[in-house]
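Observations on the three-dimensional arrangement
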Amino acid sequence: MCGEPALGAEADNGWSYKLNPYLWMPGMNGDVRVGNLPGVSVDIGSQSILDMVDFGFAGAFEVRRGNLFVMIDGLYTELSDSRNLIIRRISMDITSAQAGIAAGWRV
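What comes next is a walk through the structure. (Residues numbered from 1 in each chain as written. Predicted model: local features only at pLDDT ≥ 70, side-chain atom pairs only at ≥ 80, totals over all residues. Heavy atoms only, no water.)

**As for the overall build of the chain**
If you tally the helices and strands in the chain, you get one helix and seven strands. When the helices and strands of the chain are placed in sequence order, the string is β-β-β-β-α-β-β-β. The contacts in the chain between residues at least 6 apart in sequence include a share of 43% that link residues at least 24 apart. As displayed, the chain has an accessible area near 8,400 Å², and 57% of this comes from carbon and sulfur atoms. (Helix = DSSP H or I, 4+ residues; strand = E, 2+ residues; numbered from the N terminus. Contact = heavy atoms within 4.5 Å. Areas by Shrake-Rupley, 256 points an atom, 1.4 Å probe, with all protein chains shown as cover.)

Right, dumping it as structure tokens:
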């Protein structure tokens, strides 16, 4: 989900800067397998993952001058959870980061 820029400014030299934080609604599905053990299907919805979030940030930073623009988009999350199994308690910690950059010319 993305809205209007939360922070933006235009400098005297014609450059403009915008920071756009946004929310990301994750979901996860697939198969998990350890070694030679049979795989198990996993299907986790957005609410379950959001309950595991310890910290997260998603946003885009854009720099413009005239028709030229450069944008950096990034996402960082820290997830953790623990569950009781029959004989042990297991815990997991996942840290995920991704970034992208784009540059272009508006026509």
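**Let's talk about the pattern of salt bridges**
Pairing between side chains of opposite charge can happen when their charged atoms approach one another. Tallied over the full model, the rule gives two salt bridges. Salt-bridge contacts for R64 lead to E62; the nearest nitrogen and oxygen are separated by 2.4 Å. (Salt bridge = Lys/Arg side-chain N within 4 Å of Asp/Glu carboxyl O.)

**Points about the side chain of T77**
Tracing the backbone through its elements, the reader meets T77 in strand β6 (residues 68-84). With sequence-adjacent residues up to four places away left out, T77 is seen in contact with F55, G56, I94, T95 and S96.

**So, the side chain of E62**
Here E62 lies in strand β5 (residues 53-65). A relative accessible area of 12% places E62 in the buried class. At 2.4 Å, the side chain of E62 forms a polar contact with the side chain of R64. Once residues lying within four places of it in the same chain are set aside, the contact partners of E62 are S16, Y17, K18, F69, V70 and M71. (Buried < 20%, exposed > 50% of the residue type's maximum accessible area, 1.4 Å probe, protein only. Polar contact = N/O pair within 3.5 Å; in protein donor to acceptor, adjacent residues only side chain to side chain.)

**Examining a nonpolar patch on the surface**
The grouping of Y17, F61, V70, I72 and I101 at the surface amounts to a nonpolar patch, some 440 Å² of accessible area in total. Counting through the fold element by element, V70 comes out in strand β6. (Patch = residues over 30% accessible without salt bridge, like charges linked within 9 Å, V, L, I, M, F, W, Y side chains within 5 Å.)

**Regarding the environment of S80**
In this structure, S80 sits in strand β6. For S80, a relative accessible area of 23% gives the class partly exposed. Among residues more than four places away in sequence, those in contact with S80 are M52, D54, M92 and D93. Side chain to side chain, S80 and D54 meet in a polar contact 2.6 Å long.

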